[in-house]
Amino acid sequence: MSIDYNEQLRDYLDSLVPERPAEMLAMEAYAQEHNFPIVGPASGYFCYQVARMIGARRIFEMGSGYGYSTAWFARAVQENGGGEVFHVVWDETLSQQARGHLEALGYGDLIRYRVGEAVQALRETEGPFDLIFNDIDKQAYPESLPVIEEKLRPGGVLIIDNMIWSGRIFDDSDQSPATQGVRELTRRITSSPDWIVSLIPIRDGLILGTRK
Ligand SMILES: C[S@@+](CC[C@H](N)C(=O)[O-])C[C@H]1O[C@@H](n2cnc3c(N)ncnc32)[C@H](O)[C@@H]1O
């Protein structure tokens, strides 16, 4: 007999994340109430851990929403001694909302805000970056990879969210541009000699890639 423990596992992993500031709890509650797709506590904490582990000082985030994942990266950069975290979203309202949260959390000085398409914004921003986080619309995932490769320092880390895509990657009848985008990026990065890659099945699946 097999047990479907997906929800239980997600709640369990989230329960292991240490207490966060009230502002972050409010951001989590907002996501629940408005069905807004943030990375969530377990994935956010994992991102923070990786950024701490590599001592990241320059991080570029693609698809930042109202700044929840940005807050985890900013915390790491602050604890690493300071630097920059790029918050990039194409929606001015979300960018403004993020400013409010990130300033309240005390990260105002670290954040560089860009309102626009994230692949183009990365193209236009001078590298190199220690860490790039990719959470944009999934159909654009494949085209983002060459730009990321250009901007990430050797030994730098790429984290990509939604690489299990709620299981849609396993459904052969799903040929939608978003699902195909997730499959194609997975194929490209795992078959490239330039990357060391693992798929971490926390929540909706995070790819953790190290550029050789
Ligand atoms: C899935 S949400 C995640 C938000 C954030 N990473 C978090 O976990 O808190 C992605 C956000 O990026 C925006 N977005 C998606 N594709 C984008 C793109 N190509 N350029 C800029 N923003 C994008 C969406 O509108 C949404 O606000």
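Just so it is clear, the model here is predicted, and its values are computed rather than measured.

Each value, and the rule that gives it
Residues numbered from 1 in each chain as written. Predicted model: local features only at pLDDT ≥ 70, side-chain atom pairs only at ≥ 80, totals over all residues. Heavy atoms only, no water. Axes fitted to C-alpha atoms, helices over the stretch in contact; angles between N-to-C directions. Helix = DSSP H or I, 4+ residues; strand = E, 2+ residues; numbered from the N terminus. Contact = heavy atoms within 4.5 Å. Nonpolar A, V, L, I, M, F, W, Y, C, P; charged D, E, K, R; others polar. Patch = residues over 30% accessible without salt bridge, like charges linked within 9 Å, V, L, I, M, F, W, Y side chains within 5 Å. Areas by Shrake-Rupley, 256 points an atom, 1.4 Å probe, with all protein chains shown as cover. Salt bridge = Lys/Arg side-chain N within 4 Å of Asp/Glu carboxyl O. Buried < 20%, exposed > 50% of the residue type's maximum accessible area, 1.4 Å probe, protein only. 1 Å grid on protein atoms, 1.4 Å probe; cavity = no way out; pocket = protein on both sides within 12 Å on 5 of 7 lines; lining within 4 Å. Points joined across faces, edges and corners; volume = space filled by probe spheres on them. Expected span 1.5 Å × (residues − 1). Near = heavy atom within 4 Å. Polar contact = N/O pair within 3.5 Å; in protein donor to acceptor, adjacent residues only side chain to side chain. Sits in = over half its atoms within 2 Å of the grid points. Pairing = 2+ DSSP bridges. Core = buried A, V, L, I, M, F, W, Y, C linked by side-chain atoms within 4.5 Å.

Caption draft 1: The arrangement of the packing of helix α7 (residues 141-151) against helix α8 (residues 177-191) in detail. Here α7 crosses α8 at 35°, and the two axes come no closer than 8 Å. Facing α7, whose interface residues are Y141, P142 and L145, α8 presents G181, V182, E184, L185, R188 and I189. Here the contact of α7 with α8 is built from residues that sort into six nonpolar, one polar and two charged.

Caption draft 2: Molecular detail of a nonpolar patch on the surface. Side chains of Y5, L9, Y12 and L16 sit close together on the surface and give an oily, nonpolar patch of about 430 Å² of accessible area. Among the secondary structure elements, L9 is positioned in helix α1 (residues 6-15). Judged by relative accessible area, which is 34%, L9 ranks as partly exposed.

Caption draft 3: Geometry of the layout of surface pockets. Taken as a whole, the largest pocket holds about 1300 Å³ of empty space. Contributing to the lining of the largest pocket are 49 residues, with P37, I38, V39, N162 and R203 lying nearest its centre. Listing elements by their share of the lining of the largest pocket, those giving two or more residues are α1, α2 (22-34), α4 (68-79) and β2 (84-89). Top element by residues in the lining of the largest pocket is α1. It accounts for seven residues.

Caption draft 4: Just α8, in detail. For α8, which comprises 15 residues, the first-to-last C-alpha distance of 21 Å matches the rise-based estimate of 21 Å (1.5 Å per residue) to within 8%. Buried residues along α8 sit against α7, β5 (152-160), β6 (195-200) and β7 (206-211).

Caption draft 5: Just the site of the ligand, in detail. Looking at the ligand, there are 19 residues lining it, with V39, G63, E117, A118 and D135 nearest. Within the side chain of S69, a nitrogen or oxygen atom sits 2.9 Å from a nitrogen atom of the ligand. One nitrogen or oxygen atom from the side chain of D135 is found 2.9 Å from a nitrogen atom belonging to the ligand. Within the complex, the protein chains bury 91% of what would otherwise be the 600 Å² of accessible surface of the ligand. Assessed atom by atom at 2 Å from the grid points, the ligand resides in the largest pocket. Here the shell around the ligand is built from residues that sort into eleven nonpolar, five polar and three charged.

Caption draft 6: Quick look at the pairing of β7. As defined by bridge partners, β5 adjoins β7 across four bridges and the pair is classed as antiparallel. Residue pairing in the sheet places V157 in a bridge with T210 of β7. Inspection of the sheet shows β6 paired to β7 by six bridges, in the antiparallel sense. Its bridge partner lying in β7, I196 is registered against T210. In this structure, the hairpin formed by β6 and β7 is closed by a connection of five residues, where R203 is found at a positive phi of approximately 50°.

Caption draft 7: View of the nonpolar core. Among the nonpolar cores identified, the biggest contains 39 residues, and I59, F73, Y107, I111, L131 and I159 are the most heavily contacted of them. Among the elements of the structure, α2, α3 (41-53), α4, β2, α5 (92-104), β3 (111-115), β4 (129-134) and β5 are those that each provide at least two residues to this core. At seven residues, α4 tops the list of elements feeding residues into this core. Setting aside chain neighbours within four positions, we find F73 in contact with C47, A51, I59, E61, V85, L131, F133 and I159.

Caption draft 8: Representation of the pattern of salt bridges in the model. Counted by the stated rule, this structure contains eleven salt bridges. Between R75 and E79 there is a salt bridge whose closest N-O contact spans 3.3 Å. Note that R75 and E79 are positioned in helix α4 at a spacing of four residues, about one turn of the helix. You can call R75 partly exposed: its relative accessible area is 23%. Given the relative accessible area of 38%, E79 is considered partly exposed. As a salt-bridge pair, E184 and R188 come within 2.9 Å of each other at their nearest N and O atoms. Linking E184 with R188, this pair stays in helix α8, spanning four residues, or about one helical turn. On the accessibility criterion, E184 (24% relative accessible area) is partly exposed. Taking relative accessible area as the criterion, R188 reaches 33% and is therefore assigned partly exposed. Three or more residues joined by partner-sharing salt bridges are found here, namely R52, R75 and E79.

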